[in-house]
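Structural features, examined
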Amino acid sequence: MTATNRPASRLRAEGLTLSYDQRTVATDLTVDIPDHSFTVIIGPNACGKSTLLTALARMLKPRAGQVYLDGAAIASYRSREVARRLGLLPQTSTAPGGITVGDLVARGRYPHQGILKQWSAEDETAVVDAMRQTGVLELADRPVDDLSGGQRQRVWLSMVLAQQTSILLLDEPTTYLDIAHQVEVLDLCAELHAHKGHTVVAVLHDLNQACRYATHLIVMRPGGVIAAEGDPRNVMTAELVEDVFGLPCRIIPDPETGTPLMVPAAPKWYAPAGATSAETTGRTDAGDVPADGAAHDPAMAKTS
Ligand SMILES: Nc1ncnc2c1ncn2[C@@H]1O[C@H](COP(=O)(O)OP(=O)(O)O)[C@@H](O)[C@H]1O
Ligand SMILES: [Mg+2]
């Protein structure tokens, strides 16, 4: 497909320079978010993932370049109009003191309110549905301040879902969550993408989850540079992980899904109980090193 007949993405960024005062995080960053994709962004700490997401949501004004939403410069929209099309879950948010879960989630309906439009049954349904989807409905009357980090994270996600936008930008939606809730949130994102046709963009740290869920993977390196992007099965290689994260590893097929599974290389000193030294180190010069080191430990020998 050539650049000219490629369908334009609803959300794309062209030639962005992103800075905070004196610090420039990215220069000439161009990215297309494929429509109806589950796009996952991975990359080492501080490489600019959150900065990119905030620029895509118009929360950060680029020094140069432009973000386009539905074919028009995002800067040209009224903020309520952006919020009807695109929702952002920031990496960190602070709730107003004393606010309850239900009231916070209801704030997600703000873009749908107006001077003349009162709170409607539709708003109520959207809020209850969003709380149910993230499993926080039973927390509705609790103050947000009293919740655990994981509960709070699901409340914020709920607020974004209540906004009912067809584009969702989620910055580390699984942070603070136990593994079962991580899977639940990612399954929910996958469902929004697969069954409702939403475009979901999420920053994740777990490369294996990224490979399982992403239909489009974007790998960023420090300096806000895109190192690779595409189908995770083509993108995720040991060379890339070592290059971008500095981590030697192996990539094997995930036994459940067949997607790439990244296994970090064991440190040289690692010797699991019961394994021979040749097995653990892969060396063939082990000679007569005993299979069970413990048997040759004088302290152990006394008791055996
Ligand atoms: N509000 C800010 N003011 C100044 N520097 C910032 C701010 N937010 C982020 N940075 C810096 O910008 C760089 C990219 O940050 P960020 O986009 O948050 O990285 P990531 O999300 O990939 O971990 C980092 O060096 C970070 O310290
Ligand atoms: Mg971040």
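Once a new chain begins, its residue numbering starts again from 1 and follows that chain's sequence as written. Written order decides the labels, with chains lettered from A and ligands numbered from 1. Reporting of local features is limited, given that this is a predicted model, to residues whose pLDDT is at least 70; pairs of side-chain atoms are given and counted only at 80 or more, and all residues count toward the totals for whole chains, interfaces and linings.

The protein has the name ABC transporter ATP-binding protein in an unreviewed UniProt entry, where Streptomyces zaomyceticus is given as its organism. UniProt positions are given in the numbering used here, feature names are shortened, and annotations may be inferred rather than shown by experiment. Per UniProt, the protein carries the Subcellular location (unreviewed entry) text "Cell membrane".

Each pair of strands is called paired provided DSSP finds at least two bridges between the two strands. What counts as a helix is a DSSP run of H or I of at least four residues, what counts as a strand is a run of E of at least two, and both are numbered from the N terminus. Sheet architecture is open: 6 strands sit in the order β6-β7-β8-β3-β9-β10, paired in mixed fashion. Among the strands making up the open sheet, the edge pair consists of β6 (86-89) and β10 (225-230). Going across the sheet, the axis of each strand differs from the next one's by a mean of 15°, ignoring polarity. Relative to β10, strand β9 (residues 216-221) is paired through 5 bridges, and the arrangement is antiparallel. Counted as the bridge partner of Leu217 is Gly230 from β10. Here, axes are lines fitted to C-alpha atoms. For helices the fit covers the stretch in contact, and angles between N-to-C directions go from 0 to 180 degrees.

With that settled, consider helix α5 (residues 149-162). A helix is expected to span 1.5 Å for every residue after the first. Between the first and last C-alpha of α5 there are 20 Å, a value that for 14 residues agrees with the 20 Å anticipated at 1.5 Å per step. Once C-beta atoms are placed from the backbone, each residue is buried if 20 or more other C-beta atoms lie within 10 Å of its own, exposed if 12 or fewer, and partly exposed for counts between those two. Taken across its 14 residues, α5 has 11 buried, putting it largely inside the fold. Taken as a whole, α5 has its buried residues at Arg152, Gln153, Arg154, Val155, Trp156, Leu157, Ser158, Met159, Val160, Leu161 and Ala162. Two residues qualify as a contact pair if the distance between their C-beta atoms, derived from the backbone, is within 7 Å. Each element contacted by the buried residues of α5 is listed here: β6, α3 (101-106), α4 (121-133), β7 (167-171) and α6 (179-194). Phi turns positive, to about 50°, at Gln164, one or two residues after α5.

With that settled, consider the site of ligand 1. To decide nearness, the C-beta atom of each residue is placed from the backbone, and the residue is near a molecule or strand if that atom lies within 6 Å of it. For ligand 1, the full set of nearby residues is Tyr20, Arg23, Val25, Gly43, Asn45, Ala46, Cys47, Gly48, Lys49, Ser50 and Thr51. For the shell around ligand 1, the element with the highest residue contribution is helix α1 (residues 49-56), accounting for 3 residues. Partitioning the shell around ligand 1 into residue classes produces 4 nonpolar, 5 polar and 2 charged. Under this grouping Gly is polar, as are all residues other than the nonpolar Ala, Val, Leu, Ile, Met, Phe, Trp, Tyr, Cys and Pro and the charged Asp, Glu, Lys and Arg.

The next subject is the nonpolar core. The term nonpolar core refers to a set of buried Ala, Val, Leu, Ile, Met, Phe, Trp, Tyr and Cys residues connected through C-beta atoms within 7 Å. Ranked by size, the top nonpolar core spans 70 residues in total, and within it Val40, Leu56, Val105, Leu169 and Ala210 carry the most contacts. For this core, the leading source of residues is α5, giving 7 residues.

Take the sheet that holds strand β5 (residues 72-73) next. The strand order across the open sheet built from 4 strands is β2-β1-β4-β5, with neighbouring strands paired in antiparallel fashion. The open sheet has two edge strands with one neighbour each: β2 (23-33) and β5. Where α1 meets the sheet, it contacts β1 (11-20), β2 and β4 (64-69), and its direction lies at approximately 120° from that of β1.

Moving on to unusual backbone geometry. Trans peptide bonds make up the majority, and among non-glycine residues the majority have a negative phi. Despite not being glycine, Asp28 has its phi angle at roughly 50°, a positive value. Secondary-structure assignment places Asp28 in strand β2. Unlike most non-glycine residues, Asp70 shows phi in positive territory, near 50°.

Two strands pair when backbone bridges link them, and strand β3 (residues 38-42) and β9 are joined in this way by 4 bridges, in the parallel orientation. For Val40, the partnering residue across the bridge sits in β9 and is Leu217. Linkage of β9 to β10, two consecutive antiparallel strands, is achieved through a turn of 3 residues, within which Gly223 is found at a positive phi near 95°.

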